[in-house]
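# Geometric and topological summary
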Amino acid sequence: MTRSLLSVFEEDAGTLTDYTNQLLQAMQRVYGAQNEMCLATQQLSKQLLAYEKQNFALGKGDEEMISTLQYFSKIVDEVIQLNILHTELAKQLADTMVLPIIQFREKDLTEVSTLKDLFGLASNEHDVSMAKYSRLPKKRENEKLKAEVAKEVASARRKQHLSSLQYYCALNALQYRKRVAMMEPMLGYTRSQTLPNVQPVCGGGLGLFLSHAPPVSMHWVSQTASVQEELDTEAEAMRISQQDLLSGNESVYTPDFDVASPVINRNLIQKAGYLNLRNKTGLVTTTWDRLYFFTQGGNLMCQPRGAVAGGLIQDLDNCSVMAVDCEDRRYCFQITTPTGKLGITLQAESKKEYEEWICAINNISRQIYLTDNPEAVAIKLNQTALQAVTPITSFGKKQERLCPSQDVKNMEVPNDRMVPNEPASVPDSAELIAPGTPIQFDIVLPAMEFLDQNRGGRRTNPFGESEDGQKEDEEDSLLQQMFVVRFLGSMAVRSDQTVEVIYEAMRQVLAARAIHNIFRMTESHLLVTSHDLKLIDPQTQVTRTSFELASVTQFAAHQDNKRLLGFVVCDAESLGENSKSAYVFESNTEGEKICYAISLGKEIIEARKDPEALAQLMSSMPLTNDGKFMLLNDQLEEDAGVHGDGQEESEA
């Protein structure tokens with residue numbers, strides 16, 4: 001807003017400068033003409049008297065001509081008052097008309113031009129220091145360098161602030177002074193024409209105007225005095241405001257001065273400020289431009305320096321925004337379009353600006369601005385996100401309940417970790433998950449796959465292509481149950497001895513999403529079979545990733561939010577150690593149903609070792625809502641051939 005107004009004021013000052021120069025030329029021409037009239041009259045009188053002194057060769061008989069010219073010379077000499085009048089008029093015009101407009105041009109307009117140049121130099125110096133500050137790396141060992149650069153930015157920012165205040169005050173005062181500067185010369189011209197000797201020699205419309213000039217000029221004088229009084233009042237107010245701004249705390253000029261405990265407003269539905277925009281200039285080269293950004297409705301706008309209005313940069317409806325690591329710069333975030341295409345990468349100058357921009361873009365992407373009370377809706381949504389984060393201490397205080405994996409037809413499962421005989425004390429969160437463990441919010445590359453790529457072990461096919469024997473395993477599977485889930489996050493864990501590790505992973509994943517305002521989730525189809533768990537892309541039907549059911553060591557649903565579930569996968573590493581990762585999902589149905597399906601799959605794995613136990617399990621399975629068995633009929637037909645021909649078929 002300030003930049004837009006500044007460009008308008010600067011354009012007005014430029015137009016005023018051009019007009020003042022043209023007006024001064026016209027006034028100087030009037031003064032020159034008046035002064036020339038006086039000199040020309042005196043020269044005429046001298047030339048009339050000089051006729052008789054001329055030595056004409058044929059001058060005999062010119063006595064009558066000489067006497068006539070001397071008579072006219074006396075007439076010109078008798079109206080000497082007219083010569084005095086022209087002299088006085090020229091002096092009056094020089095003092096009261098030409099001089100004020102020259103003073104206005106040399107003092108006020110030149111002052112504005114000088115302050116503009118100083119403001120430009122201070123702004124360039126500030127831009128150079130901010131570019132240096134933006135390139136600071138994240139490493140803590142550079143704290144001394146960061147402090148030095150921050151001090152340099154604070155000095156440049158204070159200098160720019162002071163020059164901008166002086167420049168803005170001069171532009172504001174110019175709006176008052178130009179009214180005085182335009183009226184004062186014309187008042188001088190009117191006064192010069194109302195001298196006592198002017199009106200008797202003037203006739204027609206000019207004489208009528210000059211006869212009414214005194215009351216008109218008095219009105220102009222009162223108007224000029226009123227404008228001058230307004231200017232003095234406004235100048236004093238601007239001086240006091242300028243002192244108050246400059247007397248503030250010096251820390252406000254230091255970027256990121258409140259990094260330890262910034263006050264962040266997460267309910268913003270509009271935001272404006274300077275950001276660094278990343279632009280590609282080649283295959284591997286990039287530039288960062290510091291530009292002014294602001295939101296307008298559901299759009300992100302950008303206004304280059306000197307422009308009167310901003311232009312559209314990104315449509316924010318249904319977009320997602322997330323913090324990214326980019327060129328070892330701090331406070332970078334990226335906006336992604338609804339189609340998944342990467343949008344723009346931006347960098348904020350402080351943690352506060354960084355957090356608020358992410359929150360504001362997330363709020364706008366959900367089209368909150370279209371509601372009747374967008375501020376209230378934003379507050380409600382953010383409170384809901386924070387309430388989803390349950391403190392770890394609350395799990396220990398709640399009454400112990402058996403999770404679905406602990407109560408499946410009262411069957412014994414060899415895994416002792418899945419059926420604890422008595423409630424155990426809740427372990428410390430640091431024992432379950434290492435502090436500072438990174439969280440992955442995208443299922444494209446699971447946490448285990450990063451380890452697989454680095455250690456050269458088993459990798460999940462990233463293209464979803466079928467491996468040898470995959471179709472045979474699917475046909476041989478006695479269980480195929482599909483659920484719609486949304487991936488919330490995954491992280492490495494230290495232990496899989498208790499379901500508390502899943503609760504702690506849920507807490508940390510939800511907390512991270514609430515803090516960083518990450519609300520978009522990847523939707524997948526979770527296929528539970530008697531062999532593995534598969535995450536399938538609902539559009540392309542490509543398997544994003546899969547987990548062997550035998551490697552799933554813990555699984556549970558959230559005790560309060562029934563739609564949340566998670567499981568722990570244990571994968572053997574090449575060095576003989578196990579890597580454990582927790583995966584957290586949100587489902588459309590109750591998480592307990594998914595856990596029940598996983599538990600059933602693990603039961604089938606154990607029951608396969610005993611055909612009788614498998615037949616008993618199949619005959620006791622409940623029906624789904626559509627009246628079908630949860631088991632496929634292939635294996636059942638083989639068992640039916642052994643145990644009898646009258647046994648009914650079952651299908652998934």
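Given the structure is predicted, the values throughout are model-derived calculations rather than measurements.

### Describing empty space enclosed by the protein
This structure, assessed with the given rule, holds two cavities of 30 Å³ or more. In this structure, the largest cavity encloses a volume near 50 Å³. Lining the largest cavity we find M130, S134, Y274, L275, N276, R290, Q347, A348 and E349. In terms of residue count, strand β1 (residues 272–280) provides more of the lining of the largest cavity than any other element does, three residues in total. Across the lining of the largest cavity, the residue classes tally to four nonpolar, three polar and two charged. Its boundaries defined by the atoms lining it, the second largest cavity holds a volume of some 40 Å³.

### Structural notes on the packing of aromatic side chains
Summed over all chains, the structure comprises 13 aromatic pairs. The interplanar angle of 45° and the centroid separation of 5.7 Å between the aromatic rings of Y331 and Y354 together place this pair among those described as tilted. You can see Y331 sitting in the loop between β5 (320–323) and β6 (332–336) and its partner Y354 sitting in helix α7 (residues 351–365), a full 23 residues away along the chain. Under the relative-accessibility criterion, Y354 is labelled buried at 10%. Arranged with centres 5.6 Å apart and planes meeting at 70°, the rings of F547 and F567 form a pair that is edge-to-face. Taken together, the residues span a long stretch of sequence, with F547 in strand β11 (residues 543–548) and F567 in strand β13 (residues 564–572) at a distance of 20 residues. Of the residues examined, F547 reaches a relative accessible area of 4% and is grouped as buried. On the accessibility criterion, F567 (0% relative accessible area) is buried. Through successive ring pairs, a cluster of aromatic residues spans F487, F547, F567, Y583 and F585.

Cut-offs applied
Each chain has its residues counted from 1, running along the sequence as written. Reporting in this predicted model follows two pLDDT cut-offs: at least 70 for local features of residues, and 80 or more for side-chain atom pairs to be given and counted; totals over whole chains, interfaces and linings ignore these cut-offs and use all residues. Heavy atoms from the whole structure form the basis of all side-chain values; hydrogens and water molecules are not counted. Points on a 1 Å grid over protein atoms alone make up a cavity when a 1.4 Å probe fits among them but cannot get out, and a pocket when they form an open set with protein on both sides within 12 Å along at least five of seven lines; lining residues each have an atom within 4 Å of a point. Grid points are joined across faces, edges and corners, and a volume is the space filled by probe spheres set on the points. Comment: elements are numbered from the N terminus, with helices defined as DSSP H or I runs of at least four residues and strands as E runs of at least two. By the convention adopted, Pro, Cys, Tyr, Trp, Phe, Met, Ile, Leu, Val and Ala count as nonpolar, Lys, Arg, Asp and Glu as charged, and the other residues, Gly among them, as polar. In this analysis, rings of Phe, Tyr and Trp, with Trp reduced to its six-membered ring, are considered paired at centre separations within 6.5 Å, and the interplanar angle assigns stacked below 30 degrees, edge-to-face beyond 60, and tilted for intermediate values. Accessible area is worked out with a 1.4 Å probe on protein chains only. A residue is then buried under 20% of its type maximum, exposed over 50%, and partly exposed in between.

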